[in-house]
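For reference, the chains in residue letters:
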Amino acid sequence: MNLKKKILILFFFLFLSCGCSTIEQESYDDILSMAMNSRVSSSNVYRAGYKYYLPKGMRIFYQEGSNEIFGYQDTRYYMYVDRVSYYHRIHEDYMKKVDVVYSEPLKKDNLFGYIEIKNTQNNKYFVEIMYNYAKIEVIVEKDRVNKAIAYAISILSSISYQDEVLSSLMGEDVLQANEVEHNIFESAETESGYLQIVEEYGQYEEQEDTVDPDFIR
């Protein structure tokens, strides 16, 4: 990693941790641009067939297969990593929507996806981001949307897939037999899918995942 890239990543995480008074003044477009251009190449969480970087301060509460729930303070994020779609290099174009708060396709180098932000019934915002063959969903207050976007993009863009491991798992039919059915290329009509996941795994204890606090190695 060159010096310029390290400085950009350092600036992004300092910006992210500086507080809502600064980060929430930025537009969704600016937050997305900064997050996607500050891609972290290191990893501190390791799973079957992929690894990723979890930012300092976030904790993992639940993990089973490709489904995880982690959080920062009182905000909970649900993530699903679609190893099968990645392995087969499935690609579907996203059609921008006009009946939601915010909707945009995402593309950076060889990574693609989309973001949608919707109002919920309790006046919060449902943020859904698919990127790099994985999806993160989170429900937050309006003044926390930008921080949620920044965290989600930084995590999704840091996912690094291990082709040899995935090839072995696919050959043994491990993924097909155990993957929960999620279509990452389809956005949720409401936040109900996210709420069902959180309700199902609502009674969880924090796992003992050890996360390296340093974001640059």
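Calculation rules
- Residues numbered from 1 in each chain as written.
- Predicted model: local features only at pLDDT ≥ 70, side-chain atom pairs only at ≥ 80, totals over all residues.
- Heavy atoms only, no water.
- Buried < 20%, exposed > 50% of the residue type's maximum accessible area, 1.4 Å probe, protein only.
- Helix = DSSP H or I, 4+ residues; strand = E, 2+ residues; numbered from the N terminus.
- Arc of directions from axis to C-beta.
- Pairing = 2+ DSSP bridges.
- Axes fitted to C-alpha atoms, helices over the stretch in contact; angles between N-to-C directions.
- Parallel < 35°, antiparallel > 145°, perpendicular 65-115°, else oblique.
- Left-handed = near helix turned anticlockwise from the far one by under 90°.
- Contact = heavy atoms within 4.5 Å.
- Nonpolar A, V, L, I, M, F, W, Y, C, P; charged D, E, K, R; others polar.

Caption draft 1: Expanded view of helix α6 (residues 163–171). When α6 is considered as a whole, its buried residues turn out to be Leu 166, Leu 169 and Met 170. Take α6 and look down its axis: the buried residues cluster within an arc of 100 degrees, on one side only. Opposite the buried face of α6, at more than 90 degrees from it, the exposed residues are Glu 164 and Gly 171.

Caption draft 2: Spatial organisation of unusual backbone geometry. In this structure, Asn 132 takes a positive phi of about 60 degrees despite not being glycine. Note that Asn 132 resides in the loop between β8 (125–131) and β9 (134–140). One non-glycine residue, Tyr 133, lies in positive phi territory at about 60 degrees. Position of Tyr 133 relative to the elements: it lies in the loop between β8 and β9.

Caption draft 3: Inspection of the pairing of β9 at higher detail. With seven of its seven residues buried, β9 lies for the most part within the structure. Here strand β5 (residues 75–81) pairs with β9 via five bridges, running antiparallel. Along β9, the bridge assignment pairs Met 79 with Ile 136. As defined by bridge partners, β8 adjoins β9 across seven bridges and the pair is classed as antiparallel. If you follow Glu 128 over to β9, its bridge partner there is Glu 137. Between β8 and β9, which pair antiparallel in sequence order, lie two residues; one of them, Asn 132, sits at a positive phi of approximately 60 degrees.

Caption draft 4: Representation of the packing of helix α3 (residues 28–37) against helix α5 (residues 145–158) within the structure. Remark: α3 packs on α5, axes separated minimally by 9 Å, with the N-to-C direction vectors making an angle of 25 degrees. The angle between α3 and α5 places the two elements in the roughly parallel class. Crossing hand, α3 versus α5: right-handed. Residue-level contacts link Tyr 28, Ile 31, Leu 32, Ala 35 and Met 36 of α3 to Val 145, Asn 146, Ile 149, Ala 150 and Ile 153 of α5. Within the contact of α3 with α5, the residues separate by chemical class into nine nonpolar, one polar and no charged.

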